Amino acid sequence: MLTCNLLRRLTLALPLAFAAQAHAQAPMQPLSAFSVDSASPMAIRHQTLPELPFSVVGPRGAILGQQDGSFEAWLFPWKILSGMRLSVEMQDYAVPIDVNRQAAEIDVAPEATTITYAHANFTIRQTMVAPKAGANGAGAMVLFQFQAIRPMTVTFSFRPAMQRMWPAESDDGPSPEWVATPGGSGFYILHLNFPDHAGALAIPDAEPGILPPYQERPERWPLQFVLHFDPKQDAGKIYPLLMMVADSAAAARKEALEASLENLDAQARATFDANRENYRRYLAEHTSIETPDARLNDAFAWAETAIDQLRVETAVGSGHEALTAGFVGSGDAARPGFGWFFGRDALWSLYAVNSYGDFATTREEIQFLMDHQRADGKIMHEWSQTAGLVDWGSLPYQWAAADSTPLFAMAVNDYLRISGDEQFVASIWPSLGRAWNFETSHDSDGDGIYDNSEGSGWVESWIPSMPHQEIYLAALDEQASLAFANLARSTGHADLASAAEQRAEHIAATIESEYYLADSRNYAFSWNGEGKRDETATIFPSVAWWDGDWQLAHPETMMERWAASEFSTDWGVRDLSDQTSFYDPISYHQGSVWPLFTGWVSVAEYRAGHPLSGYAHLMQNANLTWAQDPGDVTELLSGQFYQVLGRSTAHQLWSSAMVISPILRGMFGLEWDAAGRTLTVTPHLPADWNQAAIHRLPFGEGNIDLTFRRERGELLVQASDPTVHLASRSAGARVKNGALDIPLPAVEAAIPASLPAFGSETQQMKVLAEEHHEHSLVLRLSAPGGTTQTLTVRENISLPRLSTQGAQLGEPEAGLRSLTVEFPQAAGYTEKTVTLTW
């Protein structure tokens, strides 16, 4: 009896005229013309940069590529094809055209990304979609539109992959079969060694290209679609690339595959329209900001979009989604960045999700983590999309890190503070209790602090050796204790709440005794028992300010160092000092810049009284929205030159989250207490802003609008719901006539914020410290020697005489004045103190 594989190979050996025929009740057709142009005001349009990536990600699939238009396509958890490229041969034009070299413009909107190829004879638009909506279950789809002067033949060349995402095993490669359909077109089946899975691909009206017979020498050939386009007959048509994967023997039959492709084709326009409407509605229902900086407003909206796009089905067809860590093209491998599920990545990011009001995503994420919680209470670190296909527990990834467990309580408590949803917290109390028991019972040295004995804290490699207990993990343990106390009290566990609060007090005191270095006035990186400290200067103490309920006792010297060029580049914050002996700016953990770190530091700076440096770091993250993968923020960058690392995940979850959190929790200074109907607002708006607004801010079961307006030396904050009590940590703040009145300093300073040119080293001015006194403002600044820097000054009240020392003050214009600072000649950065008095 002939084997299944041999039958397939015999089929491939037949002339194409005798290729397998399939009955089609509703043949696939090109789509009638409709507009795929985005009407979104936040759309990003610019000239393509071929070496930079793009990502189009949805719950069931992704298209990952370069801005020359080449791409790979995923129908999770399968990579179905890679290396897609286009070429054109035109009538009476004896030169073949590499279409990808004609890539001219990229247009990125929430619902789709379009690459436009421009040639003297033709324009081709390639619109890529990863639908979030649509009953047909499309994972990813590409729409091609053609305009041409002459008839042309377009060849689509790609490598069939049918490769499962890491770490599941895959066949050595699929066996393609062309199935002809009436009308001269057809579709490809990508057969595997066993009949229970297969892929299928089609472009209506296309013919097959290279399809070598079985007798030919084994060699890797591209698979091809060949499409003949006549502008007189085909103008206005849209040609979809249709893709699907069958996950059963019945679904992998030719007739079933053809029916599935026909359904995708019939629903293609509805799928596109539904995806566009989904994102329009999503952004209309969640928080937005309205500030004088339109680019910042867009960065905020893009961060929401980028996070939402990373929700992926936890199992094919399950309908349940969880947050993945991020995506970038996989090349020849099976790892598309970090396109699977991570505990700590999601939990750090839920602070952003909570704050813009996507409570459904938070609850679903928490449920996913509970579903994978270990019996002893530990929260997972990592779960691949194909974890269920391998012995995942035998691999070292699921429980590799220790920090997901304290972050679990912190993120749930943040959800409770904003939503007031005590019912949900009560429903998950057993899981919270198990996680708490795990955290409090894993202290290997008896100092009362959760340590690294159960996994890494933050670093996964360190010089000279891995730490015993990082300040990062100790600071999370303190905040998780306060978080658990609030969760316990809200669910009627008063005794547990009191014990957790006492534990938090003990941890805070122990951190000061174990980690504080009085000689350098800094905090150690780690405590390794019996007085052994790793005194490396890092940014990891910054997480102590994250929840806003606690802070380290001696922050000033540390904050000034973080603000300086020692830590701060012009594109973000390094994790350790560039003076460290093992500093390596292109390493993963010893000197690179992560937007995650930049976000931690920005929030800490705002909360610790360093808003100018906090603003500089906030804007670095926000501006990265346009730097690499348009609309997304990358994973990590060099610590020496402004450039993304080659293996950086371009569409990274917590990087986008670190646009949202520094804006809402840092610059606007928001702290929620839905149960007490109180919103604390401690804003630090840039001095050159007159007003701002936050729309649809979540609060309890609804949302509110907040407006901010400068008026006669005060910042007036008004909530749209008068039942919400406004409070502030700002000195002298009071509620008056339903508005929160916050006294402003007599004089404020503002700084410019922009990213440097790619390849640049750090050269922008840094604000090390700012001190507001009754009759003076003192700024400690640092900049390259011999440079001239400019700030902006606002007088919030009429001052009879404003004088400066160390700078030159310009004439007033629209209430603002320039402040020019000349730095003395010096090698490298030098400091200068500027004092304004009145």
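This is a predicted model, so every value here is computed, not measured.

**Student:** How do you make sense of the pattern of salt bridges when you look at a structure like this?
**Tutor:** A pair can form between side chains of opposite charge whenever their charged atoms are brought close. Inspection of the entire model under this criterion finds 36 salt bridges. One salt bridge connects arginine 734 with aspartate 741, and the closest N-O pair in it is separated by 4.0 Å. The structure contains a network of salt bridges with shared partners spanning Lys132, Asp308, Arg311, Glu321 and Glu364.

**Student:** I would appreciate a short explanation of the nonpolar core in the present structure.
**Tutor:** Counting residues in hydrophobic clusters, the biggest one holds 237 residues, and the most contacted among them are Trp600, Phe668 and Leu706. Broken down by element, this core gets its largest block of residues, 12 residues, from helix H11 (residues 471-490). Not counting residues up to four positions away in its chain, the partners in contact with leucine 706 are Leu670, Leu679, Val681, Ala692, Ala693, Ile694, Leu697, Val717, Gln718, Ala719 and Leu726. If you look at the next biggest cluster of nonpolar residues, it comprises 15 residues, including Val179, Ala198, Met244 and Leu264.

**Student:** Any chance you could explain empty space enclosed by the protein here in plain terms?
**Tutor:** Which parts of space are left empty comes out when a probe the size of a water molecule is rolled across the atoms. Enumeration over the complete set of coordinates arrives at four cavities of 30 Å³ or more. When its volume is computed, the largest cavity comes out at roughly 110 Å³. As for the largest cavity, its lining consists of 16 residues, of which Ser55, Val56, Ala109, Pro110 and Gln309 are closest to the centre. Counting only elements with at least two residues in the lining of the largest cavity, the list comes to strand E2 (53-57), strand E7 (103-109), strand E8 (112-118), helix H4 (268-285) and helix H5 (294-309). Considering every element that reaches the lining of the largest cavity, the biggest residue donor is E2, with three residues. Tallied by class, residues from the lining of the largest cavity come to 10 nonpolar, four polar and two charged.

**Student:** How do you make sense of the sheet that holds strand E29 (residues 670-673) when you look at a structure like this?
**Tutor:** The strands that make up a sheet pair up through hydrogen bonds in the backbone, lying either parallel or antiparallel. In spatial order, the strands read E29-E30-E34; together these three strands make up an open sheet with mixed pairing. Only two strands of the sheet have a single partner each, and these edge strands are E29 and strand E34 (725-727). On average, each strand axis in the sheet is tilted by 20° relative to the strand beside it, whichever way the strands run. Judged from the three bridges that link them, strand E30 (residues 678-681) and E34 form a sheet pairing that is parallel. Along E34, the bridge assignment pairs threonine 680 with alanine 727.

**Student:** Would you take a moment to explain the pairing of strand E32 (residues 702-711) for this structure?
**Tutor:** On a regular strand, each side chain points to the face opposite its neighbour's, so the side chains alternate between the two faces of the sheet. Across seven bridges, strand E31 (residues 691-699) lies against E32 in antiparallel orientation. Directly across from phenylalanine 699, in E32, lies its bridge partner glycine 702. The turn linking E31 back onto E32 is made up of two residues, and glycine 700 within it adopts a positive phi angle of 60°. Both E32 and strand E33 (residues 714-719) contribute to a ladder of six bridges, which runs antiparallel. By the bridge assignment, threonine 707 is partnered in E33 with glutamine 718. Between the end of E32 and the start of E33, which pair antiparallel, lie two residues, with arginine 712 showing a positive phi angle near 50°.

Reading the values: rules and limits
Residues numbered from 1 in each chain as written. Predicted model: local features only at pLDDT ≥ 70, side-chain atom pairs only at ≥ 80, totals over all residues. Heavy atoms only, no water. Salt bridge = Lys/Arg side-chain N within 4 Å of Asp/Glu carboxyl O. Core = buried A, V, L, I, M, F, W, Y, C linked by side-chain atoms within 4.5 Å. Buried < 20%, exposed > 50% of the residue type's maximum accessible area, 1.4 Å probe, protein only. Helix = DSSP H or I, 4+ residues; strand = E, 2+ residues; numbered from the N terminus. Contact = heavy atoms within 4.5 Å. 1 Å grid on protein atoms, 1.4 Å probe; cavity = no way out; pocket = protein on both sides within 12 Å on 5 of 7 lines; lining within 4 Å. Points joined across faces, edges and corners; volume = space filled by probe spheres on them. Nonpolar A, V, L, I, M, F, W, Y, C, P; charged D, E, K, R; others polar. Pairing = 2+ DSSP bridges. Axes fitted to C-alpha atoms, helices over the stretch in contact; angles between N-to-C directions.

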